[in-house]
Structure formats: C-alpha cells, structure tokens
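# Structural overview
Now for the letters of each chain:
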Amino acid sequence: MPTYKERGVMFPSDVVPRSNLELLKTFDIRDDDIMLITYPKTGSWWLHQVVKQIMAQQGVQDEKYLGDFPNFIEMTLRDKGPVAEMIKTAPSPRVLATHLPVEFLPPGLLGSKAKIVVLMRNPKDTAVSTFHFWQKIPDVKTPESWESFAEQFLAGDCLWGPFYDHALGYWKLKDKHNILFLKYEDMKKDLPAEVKKLCSFLEKPLSDEKVQTVVGATQFDSMKKTVGEKRQMFTRKGVIGDWKNNFSDDQSRAYDEQYRERLSNTGLEFQFE
Ligand code: A3P
C-alpha cells in the first residue's frame, strides 16, 4: 500500500490523497457541526453508531447522509466527488468524523462552536486491534508478525501518526475548547452512563427509556449482528484486555515504560483491563 508523509505523519495515499489535506484547509465548518475524533481502531464506528442512534431518538434520520459509516473528512473529500458534495450540502447538524491529528484539522474547527467529541482507547488494545485489522485489509502491507508490528507501533511508525502524539495533541485542548473526551473502556464498562454524557454534551437530552434503546442498538453483540459482510472487520472482539493474549512480558514492559514517559503529569490515563 503506498503511503506518504506530511509534516512527519504517515498517510495511505489511496485513502487520503495529499490533495485532500490541501482541500481541508478551506473546508467550511458550521457552528452546529458535530465532529467525532478518533485514532484508528479505538472505536470510531461504535461512536458513530451511538451518535447516530441518539439523533434517531431525537427524530433526526437522514440515512443517506448519516449513513452506515463515519464520514471521515480526510477520506471523503477526494476529487471533490459525490461524498464531498453530500457533506457540503447535508442538512445540519452534520455528524463528521476524522482520524486526523490536531494539527491537520480544518482551521475553522477549533474557533467555531462545533461540538468536538474525542474517543480514546488504551494503547495496548489499540495496537492489537490495528495489527489484526491490517492483516485483513488486502491492500495493506500485512505486518510480518505481531513482534514486528508491536515494535512498529511503539516506534510510532503508524498510519495517521504516533499514538501518543495524537492523544496528547487533543488532550492539550481540554480546558479551552468545546470538547468532550470519552474512553473506550468507560463505554465498555458503563455504556448508559457514557451515552447520557454524550446526550448532555450534544444538548440532545433523552429519557432513560430512549437511552436504553440507544444502548441496546450499540452494544457489541447488536452491532456485530446487524453489520454487513463488508464491515465485519470493524467488529472483531470488542473487549478490554485482548492485549494480554498477544503481548509478551517484555513487550508489555516496553509499552508500560512509554506510557509512563509520555503520560506522567498530563492527567491523561487509560485502563488496561
Ligand atoms: P477490536 O479489534 O479490539 O475488537 P474502529 O471502528 O476505530 O476501527 O475500531 C474498531 C474496534 O472497535 C474493534 O476492536 C471493534 O471490535 C471495536 N468495536 C466496534 N464496535 C464495538 C462495540 N459496539 N462495542 C465494543 N467494541 C466495539
């Protein structure tokens, strides 16, 4: 799979052509946009489904636009094609998504009133999920082994950039912007509580009954059942702690050391089980 680097960040050329990064510099943000931000393999599609279900409970059901899958702005602006047009003409509130590191966001976003939701996941499970995903994508250069991939991820040699640069880039915005941070592990442990948090942040209050409907539709088993063949690879195991089935003691120690180095005194933490 061809890749290129822009400002030190690696992108897949066919999925995120360099011209898209250019187009994003003039991408118009609306004050009522909702932007869902995730590092790859941290639950992007799950978050999209939860937000979509919340909107559905509020009577917003533009299937054509909200669609089955997140509208990743860096992927869909290609050649100013039909999806880009759809995003431009979509009714408000638009639900947009991106994996981009903070420095690549459309310049208007952080100064707007758009609501930004950042979902994060612990780096060990993210690495394992990425490894399995890459093995299933025919176009991606399949990692030779878990061992080589674990090192690659630790070295930050990843699509959309190094894990910690991505996470900390957004974490720095926490006190300044209209931004909600969610964690994959919290969603797994208490989805109703996280759905309520989202509803309140998005100013879309729902009754307890409707929250339960959202939860019912977005639990792993429900999503796995309703997902089509094409999206099976986005619902693999859906658990916290699968890293334990993959990491050696040495790998685990190396990841723990990097975790301490990068996150100590930042206030950002992850749960690993
Ligand atoms: P695993 O590979 O660990 O199973 P993304 O959408 O960003 O590509 O993230 C994919 C990861 O989210 C996969 O992790 C997938 O199983 C998990 N996932 C998807 N839907 C989920 C759900 N409803 N509950 C928990 N995890 C989910």
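A brief look at the structure comes next.

Cut-offs and rules
Residues numbered from 1 in each chain as written. Predicted model: local features only at pLDDT ≥ 70, side-chain atom pairs only at ≥ 80, totals over all residues. Heavy atoms only, no water. Helix = DSSP H or I, 4+ residues; strand = E, 2+ residues; numbered from the N terminus. Buried < 20%, exposed > 50% of the residue type's maximum accessible area, 1.4 Å probe, protein only. Lys, Arg positive; Asp, Glu negative; His and termini not counted. Salt bridge = Lys/Arg side-chain N within 4 Å of Asp/Glu carboxyl O. Contact = heavy atoms within 4.5 Å. Arc of directions from axis to C-beta. Axes fitted to C-alpha atoms, helices over the stretch in contact; angles between N-to-C directions. Left-handed = near helix turned anticlockwise from the far one by under 90°. Nonpolar A, V, L, I, M, F, W, Y, C, P; charged D, E, K, R; others polar. Near = heavy atom within 4 Å. Polar contact = N/O pair within 3.5 Å; in protein donor to acceptor, adjacent residues only side chain to side chain. Areas by Shrake-Rupley, 256 points an atom, 1.4 Å probe, with all protein chains shown as cover. Pairing = 2+ DSSP bridges.

Following the sequence through the fold, Asp125 ends up in helix α6 (residues 123-136). No salt bridge is formed by the buried Asp125. Its closest oppositely charged neighbour is Arg121, at 4.8 Å. Here Asp125 is in contact with Val239, Ile240, Gly241, Asp242 and Trp243, once residues within four sequence places are set aside.

Along an α-helix, residues three or four positions apart point the same way, because every turn accommodates 3.6 residues. The complete set of buried residues in helix α7 (residues 146-154) reads Trp146, Phe149, Ala150 and Phe153. Across the axial projection of α7, the buried residues extend over an arc of 105 degrees, all falling on one side. Tucked inside the fold, the buried residues of α7 contact α6, α8 (163-171) and α13 (249-263). Positive phi shows up at Gly156, right after α7, with a value of about 80 degrees.

Right, let's talk about the packing of helix α2 (residues 44-57) against helix α10 (residues 191-201) for a bit. Two elements in contact, α2 and α10, have axes whose closest approach is 11 Å; the angle formed by their N-to-C orientations is 65 degrees. Viewed along their axes, α2 and α10 form a crossing whose handedness is right-handed. Where α2 approaches α10, its residues Trp46, Leu47, Val50, Val51 and Ile54 are matched on the opposing element by Leu191, Val195, Leu198 and Cys199. The residue makeup of the contact of α2 with α10, split by class, is nine nonpolar, no polar and no charged.

The local shell around the ligand holds 19 residues, among which Lys41, Ser44, Ser129, Tyr184 and Lys237 are the closest. Here Ser129 contributes a side-chain N or O atom positioned 2.6 Å from an oxygen atom of the ligand. Phe220 places a main-chain nitrogen or oxygen 3.4 Å from a nitrogen atom of the ligand. Burial of the ligand by the surrounding chains reaches 98%, relative to a free accessible area of 570 Å². Mapped by element, the contributors of at least two residues to the shell around the ligand are α2, α9 (184-189) and α12 (220-226). At three residues, α2 tops the list of elements feeding residues into the shell around the ligand.

Sheet strands associate in pairs through backbone hydrogen bonding, adopting either a parallel or an antiparallel arrangement. Read from one edge to the other, the open sheet built from four strands follows the order β4-β3-β5-β6, with strand pairing classed as parallel. A strand with exactly one partner marks an edge of an open sheet, and here the two such strands are β4 (95-98) and β6 (179-183). Neighbour to neighbour, the strand axes of the sheet diverge by 20 degrees on average, direction disregarded. Pairing of strand β3 (residues 34-38) with β4 involves four bridges; the strand directions are parallel. Across the sheet, the residue bridging to Ile34 is Val95, located in β4. Its contacts with the sheet put α2 on β3, β4, β5 (115-120) and β6, and the angle it makes with β3 is roughly 160 degrees.

Along α10, the residues classified as buried are Leu191, Glu194, Val195, Leu198, Cys199 and Phe201. Axial view of α10: buried residues confined to an arc of 165 degrees, hence all on one face. Among the structural elements, α2, β5, β6, α9 and α11 (208-218) are those in contact with the buried residues of α10. Of the residues one or two after α10, Glu203 is the one with positive phi, at around 55 degrees.

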